[in-house]
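Coordinate analysis (summary)
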Amino acid sequence: MELIQNTADLSAYLAADEVIDHHHPVVRGTAGRLAAGAVDSYAYARAAYEFVRDAVPHSQDSGDPRVTWRASDVLERRTGICYAKAHALAALLRAEDIPTALCYQRLAHDDGAGHAVHGLVAVRLDGAWHRQDPRGNKPGVDARFSLDGERLAWIPDPQSNEMDYPVLYAEPHPAVLGALQAAPDRPALWKTLPTAL
């Protein structure tokens, strides 16, 4: 699949905003600690990815009812669903001048009743975009940081009307951000997740 930037301006994938607030002290502090142990951009990107994947539990897996959407809140509260964790990873990567996009998949619910949009990121290293899924591993999910072939949490099944969306967004998709901001808690969010983009 060819990934498509929604803007030709690469600097848009380094920008800070209300969601990807990489100038926030919590983001800067986390980035600084991770960067201190990294020898280069690749090592930093891997460390940031593994930190968000492993140190920020997916709220559905952990049973945490809180909804986070701003990167600094995700890192401070250590909780979030896939979208929020993608926002946190994008902020950490952009904080160290690594262009990072938000991207999405459409996946079937585990029980097969309908679909939901799943959030991940694409990082630009070695002159190309590479998708990464910081959702968090669990039985049956083994996502890993990779620039040599994707190691995502899920591979969409076209027979189940699942798909990868090829667009790389510089900012969160409005449907995703709207659902996060409107939800009083995660159980309510689960009922309003976007089903397609």
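Residues numbered from 1 in each chain as written. Predicted model: local features only at pLDDT ≥ 70, side-chain atom pairs only at ≥ 80, totals over all residues. Heavy atoms only, no water.

**A short note on the pattern of salt bridges**
Here the structure, examined in full by the defined rule, presents 11 salt bridges. Glu-50 is the salt-bridge partner of Arg-46, the closest N and O atoms lying 3.5 Å from each other. Note that Arg-46 and Glu-50 are positioned in helix H2 (residues 41–55) at a spacing of 4 residues, about one turn of the helix. For Arg-46, a relative accessible area of 30% corresponds to the partly exposed category. Of the charged contacts in the structure, one is a salt bridge between Lys-138 and Asp-61, with a shortest N-O distance of 4.0 Å. Taken together, the residues span a long stretch of sequence, with Lys-138 in the loop between strand E4 (128–132) and strand E5 (163–164) and Asp-61 in helix H3 (residues 59–62) at a distance of 77 residues. Bridged by salt links that share partners, the residues Glu-18, Arg-70 and Asp-73 form one connected network. (Salt bridge = Lys/Arg side-chain N within 4 Å of Asp/Glu carboxyl O. Helix = DSSP H or I, 4+ residues; strand = E, 2+ residues; numbered from the N terminus. Buried < 20%, exposed > 50% of the residue type's maximum accessible area, 1.4 Å probe, protein only.)

**With respect to the packing of aromatic side chains**
Under the definition given, this model contains 5 aromatic pairs. Aromatic side chains Tyr-49 and Phe-145 sit 5.8 Å apart centroid to centroid with 50 degrees between the ring planes, which places their arrangement in the tilted category. Separated by 96 residues along the polypeptide, Tyr-49 in helix H2 and Phe-145 in the loop between E4 and E5 bring together distant segments of the chain. Counting every residue linked through ring pairs, the aromatic cluster contains Tyr-42, Tyr-49 and Phe-145. (Phe/Tyr/Trp six-rings, centres within 6.5 Å; stacked < 30°, edge-to-face > 60°.)

**Structural notes on the environment of Val-121**
Positionally, Val-121 belongs in strand E3 (residues 115–125). Classification of Val-121 as buried rests on a relative accessible area of 0%. Between the alpha carbons of Val-121 and Ala-84 there is a distance of 11 Å; along the sequence they are 37 residues apart.

**Description of the pairing of E3**
With 10 of its 11 residues buried, E3 lies for the most part within the structure. Taking the residues that link successive antiparallel strands as the turn, the strand E2 (residues 100–108)-E3 hairpin has 6 residues, and the phi of Gly-112 there is positive, at about 80 degrees. Examined bridge by bridge, E3 and E4 share 5 bridges and lie antiparallel to one another. Bridge pairing in E4 links Val-123 to His-130. With antiparallel pairing between neighbouring strands as the criterion, E3 and E4 make up a hairpin whose turn holds 2 residues, including Asp-126 at a positive phi of roughly 55 degrees. (Pairing = 2+ DSSP bridges.)

**Here's the deal with helix H6 (residues 174–182)**
Among the residues of H6, those classed as buried are Val-176, Leu-177, Ala-179 and Leu-180. Down the axis of H6, the smallest arc covering the buried residues is 160 degrees, so these residues share one side. Exposed side of H6, more than 90 degrees from the buried face: Pro-174 and Ala-182 are the residues found there. (Arc of directions from axis to C-beta.)

Any link to function would need more than the numbers given here.
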